[in-house]
Amino acid sequence: MQIGVQTGELKDSSAKAIIVTVFDGANTSTGAVAEVDRALDGAISRLVEEGDVAGKSKEATLVHTLGRIPSPRVLVLGLGKSEAFDGQALRNALAVAARYLRRAGAESVAISADPSLGLAPDACAQAIVEGIILGHYRYLVHKKEPEDKREIRELTLVEADASRVEAVRLGAERGQVSAEATTWARDMANEPANFLTPSELAERARQVAQEQGLEYEVLERKDMEELGMEAFLGVAQGSQQPPKLIVLRYRGAAPEAKTLGLVGKGITFDSGGISIKPSQGMHEMKADMAGGADVIAAIRALAQLKAKLNVTAIVPATENMPGGSAQRPGDVVRAMNGKTIEVVNTDAEGRLILADALCYARMLGLSPVVDVATLTGAISVALGKVAFGAMTNDDALFERVRQAAEAAGEKVWQLPLFEEYKEKLDSEVADIKNVGGREAGSITAAIFLKEFIEDTPWVHLDVAGVDQHDEVKGIFLKGSSGTGVRTLINLGLSLAERPLSG
Ligand code: BES
Ligand code: ZN
Ligand code: ZN
């Protein structure tokens, strides 16, 4: 979608549709809606009087302008209660508008970052652009003929106040970069596992690197053998597909400055291995590389935004398959840092591949490190689709992640890593085992990871609950949501502005 910023009045736009917003109660006397209502000789306030427009959230009413203004249609979009309004409410409302206007065949759309919404101009513009792009997203790669080919091709933010134009432009650019990174990650996670193999994920990462001028490196099986990554290679040994450890580097700051490490779980299909999963819902495990896609998407966006920091993204990519050479429950493997692991359950494979990836991040000297993974079913029992879980060994870093998520309209909730949980991972035969039982399943998974990141400041994000959606709702569609990408981008921007102390 082409995104532009124009100076002038919204009512003078010749886009195929213009959007104006009303809060619950439908006051049409201020802001962009008032200006457009006047130009339409009161058509919108008339709809309010007649009870057709109330300003409820998800309400969308199309008004034909009959030549009174250049644009043929106005969409009056309800925002819900003003007390509950924030950037996320705006994103969700615009996502509804995007789908409505696509169905109406509006190829070009205009809106203004209306000051009467009470948001800063850059944040407002960013939320508008993100809402439209994320709500408009569809995954059509494998459809011969989509049912509806129509698309919004152009979005213009119209700004009358010259003093706000620069901020609106900046917000619109950030919004476009962040939303397109998110849809890139959605595309990757939605891609079936017969297309998106570990090699193909590496190839897509290479393309991103080439487009954005990132350094690209991939470690092959033999490189990983030399490094002693048995935990990762143990998971990969049941698959016909060669494993890849994908590394992308972005240098936006001095070489001696710290480098943020982003590590993402890249299981392109999780059958469970020999501890095979039940077949119901197993197809969703094509998205078990969502964390990996999220970190590649985030580094891509940080490069596009020319963030002044160094970032390295690491994605251990493999299938988890029950082939004849697959790892067996009870096998013992040695991770790169020398710790031995008893693999009690081959379906707890994410933590095994991340163990070596986190050791590798340490070897590269990355700090702080954030990992993103669809790690445990238990996190969706705890938090559902509303929030992703965070676990950390550094509360100051977590606080920055929390703020980054809040600014993105994403929700994160911290779970504790109390010492007492550690004994659940005690093994009779090795230094640690890979599962700690049903209780506190997300926490024991994180306690396991902590053994490999050691004292490097680290936050683990478990996105297993929030990645997949099964209904169309606001910015979410059926399939992968790309949740986490915009939090990571905001975190990168925040660390660029103000590095962690110490
Ligand atoms: N990829 C799964 C976690 C998952 C579950 C992601 C549901 C998305 C939706 C992970 O590899 C897994 O299988 N975890 C097991 C761990 C258990 C064996 C300790 C789980 O959560 O059941
Ligand atoms: Zn698994
Ligand atoms: Zn998995």
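Rules used in this analysis
Residues numbered from 1 in each chain as written. Chains lettered and ligands numbered in written order. Predicted model: local features only at pLDDT ≥ 70, side-chain atom pairs only at ≥ 80, totals over all residues. Heavy atoms only, no water. Donors = N, O, S within 2.8 Å, 3.2 Å for Na, K, Ca; no water. Helix = DSSP H or I, 4+ residues; strand = E, 2+ residues; numbered from the N terminus. Buried < 20%, exposed > 50% of the residue type's maximum accessible area, 1.4 Å probe, protein only. Domains from an automatic or database assignment. Contact = heavy atoms within 4.5 Å. Buried area = accessible area lost by both parts, 1.4 Å probe. Salt bridge = Lys/Arg side-chain N within 4 Å of Asp/Glu carboxyl O. Core = buried A, V, L, I, M, F, W, Y, C linked by side-chain atoms within 4.5 Å. 1 Å grid on protein atoms, 1.4 Å probe; cavity = no way out; pocket = protein on both sides within 12 Å on 5 of 7 lines; lining within 4 Å. Points joined across faces, edges and corners; volume = space filled by probe spheres on them. Nonpolar A, V, L, I, M, F, W, Y, C, P; charged D, E, K, R; others polar. Pairing = 2+ DSSP bridges. Axes fitted to C-alpha atoms, helices over the stretch in contact; angles between N-to-C directions. Tetrahedral: all angles 85-135°; square planar, octahedral: opposite > 155°, others 65-115°.

Trainee: Any chance you could explain the coordination of the zinc ion (ligand 3) here in plain terms?
Mentor: Under perfect tetrahedral coordination by four donors, a metal shows angles of 109.5 degrees; under perfect octahedral coordination by six donors, it shows angles of 90 or 180 degrees. Protein-derived coordination of the zinc ion (ligand 3) comes from K265 (NZ), D270 (OD), D288 (OD) and E349 (OE), at a distance range of 2.0 to 2.4 Å. On the primary sequence, the residues serving as donors to the zinc ion (ligand 3) are separated as K-x4-D-x17-D-x60-E. Between the zinc ion (ligand 3) and the zinc ion (ligand 2) the interatomic distance amounts to 3.2 Å, and D270 serves as a bridging ligand to the pair. Taken together, the residues K265 in the loop between β9 (259-264) and β10 (266-270) and E349 in the loop between β13 (340-343) and α10 (350-363) connect sequence positions 84 residues apart. Taking the relative accessible area as the measure of exposure, E349 reaches 1% and is therefore buried.

Trainee: Sorry if this is basic, but what is going on with unusual backbone geometry here?
Mentor: With the exception of glycine, the majority of residues adopt a negative phi angle, and the majority of peptide bonds are in the trans configuration. Note that the residue after S367, namely P368, is joined by a cis bond; omega there is -5°. Position of P368 among the secondary structure elements: in the loop between α10 and β14 (369-373). The phi angle at K306 is positive, at roughly 55°, despite the residue not being glycine. Relative to the elements of secondary structure, K306 occurs in the loop between α9 (290-304) and β11 (310-320).

Trainee: What am I meant to see in the domain arrangement of the chain here?
Mentor: How big an interface is tends to be stated in terms of the accessible area lost upon association of its parts. Per the domain assignment, the segments making up the chain are domain 1 (2-160) and domain 2 (181-497). Taking only C-alpha atoms into account, the centre of domain 1 sits 37 Å from that of domain 2. Contact residues are listed per partner, giving 14 residues for domain 1 and 18 residues for domain 2. With both sides pooled, the region where domain 1 packs onto domain 2 buries about 1400 Å², and carbon together with sulfur makes up 59% of that total. Interface area lost by domain 1 to domain 2 is led by L134, Y137 and Y139, which between them contribute 45%. Linking domain 1 with domain 2 are 1 salt bridge, by the criterion used here.

Trainee: Looking at this structure, I do not really get the nonpolar core. What am I missing?
Mentor: Looking at soluble globular proteins, one finds that nonpolar side chains tend to be buried together. Counting 58 residues, the largest nonpolar core has L461 and I489 as its most contacted members. Looking at which element gives the most residues to this core, the answer is α9, with 10 residues. Look past the residues within four positions of L461 in its chain and what remains in contact with it is V370, D371, V372, A373, F388, G389, A390, V401, V412 and L488.

Trainee: What is the right way to read the layout of surface pockets from this model?
Mentor: In this approach a probe as big as a water molecule rolls over the atoms, and the regions it shows empty are the leftover space. Considering only enclosed or pocket space, the second largest pocket measures out at about 1000 Å³ in volume. Listed by contribution, the elements that provide at least two residues to the lining of the second largest pocket are α10, α11 (378-383), α13 (441-453) and β19 (468-469). No other element matches the 3 residues that α11 contributes to the lining of the second largest pocket. Looking at the lining of the second largest pocket residue by residue, the classes come out as 10 nonpolar, 15 polar and 12 charged.

Trainee: What exactly am I supposed to notice about the sheet that holds strand β1 (residues 2-7) here?
Mentor: Sheets are built from strands that pair by backbone hydrogen bonding, the pairs being arranged parallel or antiparallel. A sheet is described by the order of its strands in space; here 6 strands give the open sequence β1-β6-β5-β2-β4-β3, paired in mixed fashion. Unpaired on one side and paired on the other, β1 and β3 (60-64) mark the two borders of the sheet. The sheet shows a mean angle of 25° between the axes of neighbouring strands, direction not considered. Lying on the sheet, helix α4 (residues 121-136) is in contact with β1, β2 (17-22), β5 (108-111) and β6 (154-159); it crosses β6 at an angle near 160°. Lying on the sheet, helix α5 (residues 162-190) is in contact with β1 and β6; it crosses β1 at an angle near 175°.

Trainee: Explain the coordination of the zinc ion (ligand 2) to me, please; I cannot follow it from the model alone.
Mentor: Surrounding the zinc ion (ligand 2) are the protein donor atoms D270 (OD), D347 (O), D347 (OD) and E349 (OE), at 2.0 to 2.2 Å. Here the zinc ion (ligand 2) binds 6 donor atoms, and the angle range of 71 to 166° at the metal identifies the geometry as irregular. Sequence spacing among the residues donating to the zinc ion (ligand 2) works out to D-x76-D-x1-E. On the basis of relative accessibility, which here comes to 2%, the residue D270 falls in the buried class.

Trainee: In this structure, what is going on with the sheet that holds strand β12 (residues 331-334)? I would like to understand it.
Mentor: Read from one edge to the other, the open sheet built from 3 strands follows the order β12-β13-β17, with strand pairing classed as mixed. Each edge of the sheet is formed by a strand with only one pairing partner; in this case those strands are β12 and β17 (432-433). Where β13 meets β17, 2 bridges bridge the pair, whose relative direction is parallel. When the sheet's bridge partners are listed, I341 is paired in β17 with I432.

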